[in-house]
Amino acid sequence: MENLLGGPPPTLLPSDHADVPARAELADGADVRDVVPRHPAACLLWALLAEAELTRPGGADPIAAYAYARTGYHRGLDALRRAGWRGAGPVPATHQANQGFLRALLALAEAAEGIGETPEAERCRAFLGECGTSADEVRALRQEPLR
């Protein structure tokens, strides 16, 4: 992906990021709660746990969702920094290894809204835009099968 605007280059999490083997296990039918102990740095797992809490039948639990999403978000920030991200620039949603971080960021926005933390929700949605994506684009990732 060529950057024509002269800003920082896109940050792509590496192919050995914890989301890659975790995603493979989930695609093979493993339960997310069984995969977390093997890949606790996988943003995708924390995002999936948060998303499940936000859509739980019988009532959402935004407090639990917030905790899961914040864990995934911080794991993702650590991984992005190790991959060369310096706090600015695109984090493409088209790169599969980036998707867990972006999903955790969106879940954090939604959970923050659910607990009345509107400024935090707004910051998270703005951060998605700064990453070069949108809440709608990241939300669409939830519909894609894990492969």
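Note: the structure precedes this text.
Remember, predicted model here, so these are calculated numbers, not experimental data. (Residues numbered from 1 in each chain as written. Predicted model: local features only at pLDDT ≥ 70, side-chain atom pairs only at ≥ 80, totals over all residues. Heavy atoms only, no water.)

## Here we look at the pattern of salt bridges
According to the stated counting rule, one finds twelve salt bridges in the structure shown. Residue E110 is joined to R139 by a salt bridge in which the shortest nitrogen-to-oxygen separation is 3.6 Å. Separated by 29 residues along the polypeptide, E110 in helix α5 (residues 99–114) and R139 in helix α7 (residues 135–141) bring together distant segments of the chain. By relative accessible area, E110 is classed as buried at 18%. Residues E110 and R142 are paired through a salt bridge, measuring 2.7 Å at the closest nitrogen-oxygen approach. With E110 in helix α5 and R142 in the segment after α7, the pair connects residues that are 32 residues apart, well separated along the chain. (Salt bridge = Lys/Arg side-chain N within 4 Å of Asp/Glu carboxyl O. Helix = DSSP H or I, 4+ residues; strand = E, 2+ residues; numbered from the N terminus. Buried < 20%, exposed > 50% of the residue type's maximum accessible area, 1.4 Å probe, protein only.)

## Description of helix α1 (residues 19–27)
Restricting attention to buried positions, one finds in α1 the residues D19, A22, R23 and L26. When α1 is viewed along its axis, its buried side chains cluster within an angular range of 100° and face the same direction. Those residues of α1 hidden inside the fold are in contact with α2 (32–35), α3 (43–54) and α5. Positive backbone phi, at 105°, marks G29, one or two positions downstream of α1. (Arc of directions from axis to C-beta. Contact = heavy atoms within 4.5 Å.)

## Let's talk about the environment of E110
Spatially, the C-alpha atom of E110 lies 12 Å from that of V138, the residues being 28 residues apart in sequence. Apart from residues no more than four positions distant in its own chain, E110 is found in contact with L54, R125, R139 and R142.

## A closer look at the nonpolar core
Counting 44 residues, the largest nonpolar core has L45, F101, L102 and F127 as its most contacted members. Mapped by element, the contributors of at least two residues to this core are α1, α2, α3, α4 (62–82), α5, α6 (118–130) and α7. Sorting elements by how many residues they give to this core places α5 first, with nine residues. Setting aside residues no more than four positions away along its own chain, L45 makes contact with A22, L26, V32, V35, V36 and H39. (Core = buried A, V, L, I, M, F, W, Y, C linked by side-chain atoms within 4.5 Å.)

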